[in-house]
Amino acid sequence: MNRSIFTDAAAMALGMTLTAMLAFSQAPAGGPQSPGWFLQASAPDPGGRLVVGPGGRVMPSAGGTGGGRALAAISVPAAGGVPTCSHSPLCGNRLGGARSALQRVEWKQTMGYTYAYPVDLPEGGGGVSAIQIDSKGNMWVFQRNAVGKPQLFEFGLDRKLIRTVGDDVIGHQEKAHGMAIDAEDNVWICDANGATVMKLSPEGTLLMTLGVKGKRGDWDEAKRQRLLWQPLDLSFAPNGDIYIGEGHSNESPNDTDSDDPTNNIGAARVIHLDKTGKFLHQWYGNSVGQGKFSMVHGIAVDPRSGNVWLGDREEYRLVVYTGEGKFVKTVQMRNLMCAIAFDPAGNLWVASGQDGQLLKIDQNGNVLGAVGNGSGTGEGQFIETNYIAWDKQGNLYTGDTSVGRVTEMIAPKKH
């Protein structure tokens, strides 16, 4: 009888071991086309302080080891006086472990992309928050730099610098974040901590500012109060309507029920404007019922359906609404949802942020392919992938919020 009990226990233990192994080494259920995945450790986050040399090469540290040589602290822009997240569960739990201890899901690469670093940014800059490609094929780069240093750059088809847009035009962007280019090649940039979204002409002239610089708050059209609260990203509908994603969750101040009557909602939200900037409506992440979200780190409009996709990064999920703000569905993922984009063929992609990859997925969240070598500063690696762009040849581009370089992911040639 003791032998039988031992045998049963051993079988149970073996079964549990095999189950655990499957839990972190297999493709997700329901996704037969998905590549396999595995866990990897988090690389140290340099916070935009690494020295990047020509060709995107991270310069070695003085001792020849480690993540690279660090910049002086002055090279990293300040937070602009915005309070840190506090007095809210969204800010995280100090007893819950450090982000650096996370094991991250990395998907096996099967798509055949290779890596290049096509532009050289000015030495001494911080992380690259966003990349976009205009209709001419020129590349716009939005970088986090110190006061007085340009943060917005345009590179030509040969990837040589042809334009910088300095503080004299856009002011200092306290936390450079998302960027989008509309159908007329106007460039739109988000300053998360500065609480503005700016529209610039293709020549870099400031055309419009939404929000009031340095005054985060709530948009109340009835009071003609047009403030923004942590604007992170924006996207355009086919008719030119504008959707602005707001709220940084664990990085946002807790303004809920503050004493400031212009700023007391303190919740993530989406603001919907027409192409002229006229307010249409908005919806919130803490509303009653399904469709909750704690941040809108990425936002994209499906060119086919007009649905609005939100990247709720820290909750590892996508939340989908109609263009009128009606909840459609929530898609739970295995990775951080840092950015969302539809490629020129209408396929859905996401950036997994500090998990270090770009993922092609279907609209049920099944991973169809992955690009990127995971967390790190080596070739094809990222400390934090972010907003995604494509050129006319099908090559992908993204920046790294913690490393001052642009990565080009070269599509395999079709035979």
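Each chain has its residues counted from 1, following the order in which its sequence is written. Local features in this predicted model are restricted to residues of pLDDT 70 or higher, and side-chain atom pairs are both shown and tallied only at a pLDDT of 80 or more, whereas totals for entire chains, interfaces and linings draw on every residue. Hydrogens are left out, water is left out, and the side-chain values use all remaining heavy atoms of the structure.

### Here we look at the overall build of the protein chain
Scanning the protein chain for helices and strands turns up two helices and 28 strands. Relative accessible area decides the class of each residue, using a 1.4 Å probe on protein chains only: under 20% of the type maximum gives buried, over 50% gives exposed, and in between gives partly exposed. Buried residues in the protein chain amount to 56% of all 415 residues. Contacts are residue-level and defined by heavy atoms, with any inter-residue pair within 4.5 Å sufficient. Restricting to contacts in the protein chain with at least 6 residues of sequence separation, those with at least 24 account for 52%. In this description a helix means any DSSP run of H or I spanning at least four residues, a strand means any run of E spanning at least two, and both kinds are numbered starting from the N terminus.

### With respect to the side chain of Arg313
The residue Arg313 is located in the loop between β19 (308-312) and β20 (317-321) in this model. The definition of a polar contact used here is a pair of N or O atoms within 3.5 Å, where within protein one atom must be able to donate a hydrogen and the other to accept one, and adjacent residues in sequence count solely through side-chain atom pairs. Side-chain polar atoms of Arg313 contact the side chain of Glu251, separated by 2.9 Å. A polar contact of 2.6 Å, which involves the side chain of Arg313, links it to the side chain of Glu314. Not counting the four nearest positions on each side in its chain, Arg313 is found in contact with Arg99, His248, Asn250, Glu251, Met295, His297, Leu336, Met337, Cys338 and Glu384.

### Looking at the state of the cysteines
Cysteine sulfur atoms that come within 2.5 Å of each other are treated as a disulfide pair. If you walk through the whole model with that rule in mind, you get one disulfide. The side chain of Cys85 participates in a disulfide bridge whose partner is Cys91; the two sulfur atoms lie 2.0 Å from each other. Residues Cys85 and Cys91 are joined by a disulfide whose S-S torsion is about -80 degrees; by sign, that bridge is left-handed. Taking the relative accessible area as the measure of exposure, Cys85 reaches 17% and is therefore buried.

### Things to note about unusual backbone geometry
Even without being a glycine, His87 presents a positive backbone phi close to 55 degrees. Locating His87 in the fold gives a position in the loop between β1 (37-41) and β2 (103-107). The exposed category is assigned to His87, whose relative accessible area is 77%. One non-glycine residue, Asp185, lies in the positive phi region at around 70 degrees.

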